[in-house]
Amino acid sequence: MEFDFSVITNNWRFLAYGVWITLVLSVASGVASLAVGFVIALLRLRGPRWLRPAVVFYIDSMRAIPVLVVLVWTFFALPILSGATMSPFMAGLIGLTVHLAAYAAEIIRAGIESVRPGQTRAALALGMSSAQILRRIVLPQALVRMLPAFGSLLSITIKDTAIASVIAVPELMRQSETVAGQSFQPIEVYTFAMLMYFLILYPVTRGVDRFYGRVAHLGRS
Amino acid sequence: MTFDWSVVWDHRVALAYGTVTTILLTIATMAIAVPCGMAFAALRLYGAAPVRAFATAYVELFRNLPLILVVYWAFYVLPILTDVGLSPLATGLAALSLNVTAYNAETFRAGINSIRRGQVEAALALGMSRAQALRRIVIPQALRRVLPVLASTWVSLFKDTSLVSVIAVAELAYVSMQIRAQTFRVLEMLTAMAAIYWLLGYPQAKIVDWIQRRYAVSE
């Protein structure tokens, strides 16, 4: 068997663009799902009572539906309902955020709940408002405890961006498919894509573990 | 805007076949990935150094790759490397098994490591052999701790089976999207697909919650 990796060097700009989009989409949907997840977690914990079943329903539904289905529905079905067309990148960002925010919300909720209620009562006794308690007592400890789970969520986010290839987001997976299809050299192209994903993902998971090891003591109480 | 939901009912047989394929694919993958995961966990924990390195490399590699890429890779590369032409279904099963085996191996390893060393030392002090201590002390406790994680892996796997649609395995996602392409009833078919996944997945997610409460470890 002959391998010819010149297909990678010949298309390196095209593939590098895919890596770039993968990174941009990962960061954008990671940040967006954290922000949305934080709001959802607060709604579940502190929101009006009538809203809570709806929030729980949303979270559990996202745990039940494949991200592929969410992405395909967002890209193909949502424009029919809303009348507004979306670029694949926007649809990918929205679909991934809607899906991952549910997971982020659960992580944030677990982190907030892990801080013993005695601390909240002590802060109340000292005259703090509930917003102050959240900001100055609960969140500083909870955020550190959430770190390992955020690390795995980030790696899940990066892996899930590859699924956005099915709605033609020009990220690494999609670009690799295109090059593989044109060059008839799937082995070289997909093996290169594997290497690239591993090079992106492995340092992320290791880096988060290492960082957590350094700051873990801040979350103890 | 007019919607014609009868298209879903008209294709009920195809959708039912797709659903059954999705479920069978989930069961078959788990049936392969649990014993293989145990084997890889054992290799990592008790194997000789080179074997351990190989098992570690395997687990780290497949935990750090997007499944959809593994599916494509298996589809295009496996037949060329092995000279065996596999059906899309068998290829999809292989890709899913490769992925879930890596996750299960890590789950079993963590489960065994979570049993305190003192227990094995106590068992050895009572005159048990290493194998006895493992079989009678460590594994029974580890299995209880591993069960909730396996349950959530199961739900993830159930959802991930949708990814083998990209290599034309006729499971629920592929069948729904085929019908969409033939009938142009995009919204109806995609919504029906999401609803079927939801109907199957929602109870599973709830059962996982229950298992996690039931087998919660408190130390």
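Provided above is the structure to which this section pertains.
Residues numbered from 1 in each chain as written. Chains lettered and ligands numbered in written order. Predicted model: local features only at pLDDT ≥ 70, side-chain atom pairs only at ≥ 80, totals over all residues. Heavy atoms only, no water.

Participant: Honestly, the overall build of chain A in this entry has me stumped. Any pointers?
Facilitator: Along chain A, the regular secondary structure elements total nine helices and zero strands. Seen through its principal axes, chain A has C-alpha atoms that stretch 75 × 45 × 25 Å. For chain A, buried positions account for 48% of its 221 residues. Considering only intrachain contacts with a sequence separation of at least 6, the fraction spanning at least 24 residues in chain A is 75%. (Helix = DSSP H or I, 4+ residues; strand = E, 2+ residues; numbered from the N terminus. Buried < 20%, exposed > 50% of the residue type's maximum accessible area, 1.4 Å probe, protein only. Contact = heavy atoms within 4.5 Å.)

Participant: How do you make sense of the interface of chain A and chain B when you look at a structure like this?
Facilitator: Interfaces are often sized by the accessible area lost when the parts come together. The interface is formed by 39 residues belonging to chain A together with 41 residues belonging to chain B. For the pair chain A and chain B, the summed buried surface comes to about 3,500 Å²; carbon and sulfur atoms form 75% of the total. Applying the counting rule to chain A against chain B returns three salt bridges. With a closest N to O distance of 3.4 Å, Arg206(A) and Glu60(B) form a salt bridge. The interface formed by chain A and chain B holds twelve residue pairs in polar contact (both at pLDDT 80 or more) in total. Put simply, the parts of the chain that give the side of chain A that touches chain B at least two residues each are helix 3 (52-64), helix 4 (67-82), helix 5 (88-113), helix 8 (172-183) and helix 9 (186-215) of chain A. Here the residues of the side of chain A that touches chain B are counted per class, giving 29 nonpolar, five polar and five charged. (Buried area = accessible area lost by both parts, 1.4 Å probe. Salt bridge = Lys/Arg side-chain N within 4 Å of Asp/Glu carboxyl O. Polar contact = N/O pair within 3.5 Å; in protein donor to acceptor, adjacent residues only side chain to side chain. Nonpolar A, V, L, I, M, F, W, Y, C, P; charged D, E, K, R; others polar.)

Participant: Any chance you could explain the nonpolar core here in plain terms?
Facilitator: Nonpolar side chains in soluble globular proteins generally cluster together in the buried interior. Within the largest apolar cluster, 108 residues are counted, with the highest numbers of intra-cluster contacts made by Met173(A), Tyr197(A) and Leu15(B). When residues of this core are assigned to their parent elements, the largest contribution, eleven residues, is made by helix 5 of chain A. Counting seven residues, the second-largest nonpolar core is a separate cluster that includes Ile112(B), Ala133(B), Val138(B) and Ala142(B). (Core = buried A, V, L, I, M, F, W, Y, C linked by side-chain atoms within 4.5 Å.)

Participant: Just to check I follow, could you spell out the packing of helix 2 (residues 12-46) of chain B against helix 3 (residues 49-63) of chain B for this structure?
Facilitator: Packed helices, taken two at a time, are described by the angle their axes make and the gap between the axes. Residue and element names in this part refer to chain B. The N-to-C vectors of helix 2 and helix 3 enclose an angle of 130°; their axes lie 8 Å apart at closest approach. Here helix 3 runs oblique to helix 2, going by the angle between their axes. For the element pair helix 2 and helix 3, the recorded crossing hand is left-handed. Where helix 2 approaches helix 3, its residues Phe40, Leu43 and Arg44 are matched on the opposing element by Val51, Arg52, Phe54, Ala55, Thr56, Tyr58 and Val59. In terms of residue class, the contact of helix 2 with helix 3 is built from seven nonpolar, one polar and two charged. (Axes fitted to C-alpha atoms, helices over the stretch in contact; angles between N-to-C directions. Parallel < 35°, antiparallel > 145°, perpendicular 65-115°, else oblique. Left-handed = near helix turned anticlockwise from the far one by under 90°.)

Participant: Just to check I follow, could you spell out the packing of helix 2 of chain B against helix 8 (residues 172-183) of chain B for this structure?
Facilitator: Residues and elements named next belong to chain B. Two numbers describe how helix 2 lies on helix 8: the axes approach to 7 Å, and their chain directions differ by 155°. Viewed along their axes, helix 2 and helix 8 adopt a mutual orientation that is roughly antiparallel. The residues of helix 8 that touch helix 2, namely those facing Ala14, Leu15, Gly18, Thr19 and Thr22, are Leu172, Val175, Ser176 and Ile179. Looking at the contact of helix 2 with helix 8 residue by residue, the classes come out as five nonpolar, four polar and no charged.

Participant: I would appreciate a short explanation of the pattern of salt bridges in the present structure.
Facilitator: Opposite charge on two side chains permits pairing when their charged atoms draw close. Residues and elements named next belong to chain A. Per the counting criterion, the structure on display carries eleven salt bridges over all chains. In this structure, glutamate 106 and arginine 109 form a salt bridge, with 3.2 Å as the shortest nitrogen-oxygen distance. Of the two residues, glutamate 106 and arginine 109 are both situated in helix 5; the distance of three residues between them amounts to about one turn of the helix. Residues joined in a network through salt bridges with shared partners are Arg44, Glu106, Arg109 and Glu113.

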